[in-house]
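Residue-level listing of the chains:
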Amino acid sequence: MIASCPVCHRRERWDGGERHVEMEGGRRNPPVHPVLQAWRTCREAREAGRVVVGRCVCGQPLVAEAGTWMPWTLDTPKGPVVVRADGQSEAGGEIETERLDARLYAGLGPKIEIKPGLFVFQSTMMLSIVAPALLWLAALFVVIVFLIGFGSKPGF
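On a predicted model such as this, the values are computed, not experimentally measured, just so you know.

Rules and cut-offs
- Residues numbered from 1 in each chain as written.
- Predicted model: local features only at pLDDT ≥ 70, side-chain atom pairs only at ≥ 80, totals over all residues.
- Heavy atoms only, no water.
- Core = buried A, V, L, I, M, F, W, Y, C linked by side-chain atoms within 4.5 Å.
- Buried < 20%, exposed > 50% of the residue type's maximum accessible area, 1.4 Å probe, protein only.
- Helix = DSSP H or I, 4+ residues; strand = E, 2+ residues; numbered from the N terminus.
- Contact = heavy atoms within 4.5 Å.
- Polar contact = N/O pair within 3.5 Å; in protein donor to acceptor, adjacent residues only side chain to side chain.
- Pairing = 2+ DSSP bridges.
- Expected span 1.5 Å × (residues − 1).
- Axes fitted to C-alpha atoms, helices over the stretch in contact; angles between N-to-C directions.

## Let's talk about the nonpolar core
Side chains of nonpolar character tend, in soluble globular proteins, to be buried together.
Thinking step 1. Ranked by internal contacts, the top residues of the largest apolar core, which has 25 residues, are Val53, Leu62, Trp72, Leu74, Val83, Leu100 and Leu104.
Thinking step 2. Sorting the residues of this core by element identifies helix 1 (34-47), strand 4 (51-55), strand 5 (61-64), strand 6 (72-76), strand 7 (79-84) and helix 2 (97-108) as the ones contributing at least two each.
Thinking step 3. Element by element, the count of residues in this core is highest for helix 1, at five residues.
Thinking step 4. If sequence neighbours within four positions are ignored, Leu74 has contacts with Val35, Ala38, Trp39, Gly79, Pro80, Val81, Val83, Leu100 and Leu104.

Next up, the structure:
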């Protein structure tokens, strides 16, 4: 069986009780919060008919085409949720996929944060790049209008 991590791209071949690493991984971080990424991986694996078979060295689920689903615990802001092959449950019972999705995105999703110093710096840099380009385009427009006007006058 081949187990792989979709985050750090680690790939292992499992022969009985032995694990052979085919491709190293573990140095890449998920693009979003680790709990949110683990949930995405579990959900996508379940939807694709794959199974979570273990934990990668990067802390994310290892996924395989076949095998026994290993229950995965997500530490959400409102308590732990266990993800299984047939669904997910929290301390109060089963929780729907859509509700868990909304809870995780609300609590752990990307936040827009405006930093005044960074905003001023980025605006200044952008202006110093865009202003010369706009001036060049304006000069090009003036030259083209002049050439069109110069060519249309009789007697020149």
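There's more to say after this.
## Details of the side chain of Glu12
Thinking step 1. Among the structural elements, Glu12 can be located in strand 2 (residues 11-15).
Thinking step 2. Residue class for Glu12 comes out buried when judged on its relative accessible area of 5%.
Thinking step 3. Of the polar contacts made by the side chain of Glu12, one reaches the side chain of Arg10; its length is 2.7 Å.
Thinking step 4. Of the polar contacts made by the side chain of Glu12, one reaches the side chain of Trp14; its length is 2.8 Å.

## Structural notes on the pairing of strand 3 (residues 18-23)
Thinking step 1. Bridging between strand 2 and strand 3 involves five bridges; their strand directions are antiparallel. For Glu12, the partnering residue across the bridge sits in strand 3 and is Val21.
Thinking step 2. Between strand 2 and strand 3, which pair antiparallel in sequence order, lie two residues; one of them, Gly16, sits at a positive phi of approximately 65°.

## Some remarks on the side chain of Gln37
Thinking step 1. Looking at where Gln37 falls in the secondary structure, it is placed in helix 1.
Thinking step 2. Setting aside its immediate chain neighbours within four residues, Gln37 contacts Val7, Pro30, Pro31, Val32 and Gln60.

## Topic: helix 2
Thinking step 1. Between its terminal C-alpha atoms helix 2 stretches 16 Å, which fits the 16 Å expected from 12 residues at 1.5 Å a residue.
Thinking step 2. Contacts from the buried residues of helix 2 go to helix 1, strand 6, strand 7 and strand 8 (87-90).

## Digging into the sheet that holds strand 3
Thinking step 1. Spatial ordering of the open sheet is given by 3-2-1-5-4, a layout of five strands whose pairing is antiparallel. In this open sheet, the two strands that pair with only one neighbour each are strand 3 and strand 4. Across this sheet, the average inter-strand angle for adjacent strands is 35°, counted without regard to direction.
Thinking step 2. The strands touched by helix 1 within the sheet are strand 4 and strand 5, with strand 5 carrying the most contacts at an inclination of about 15°.

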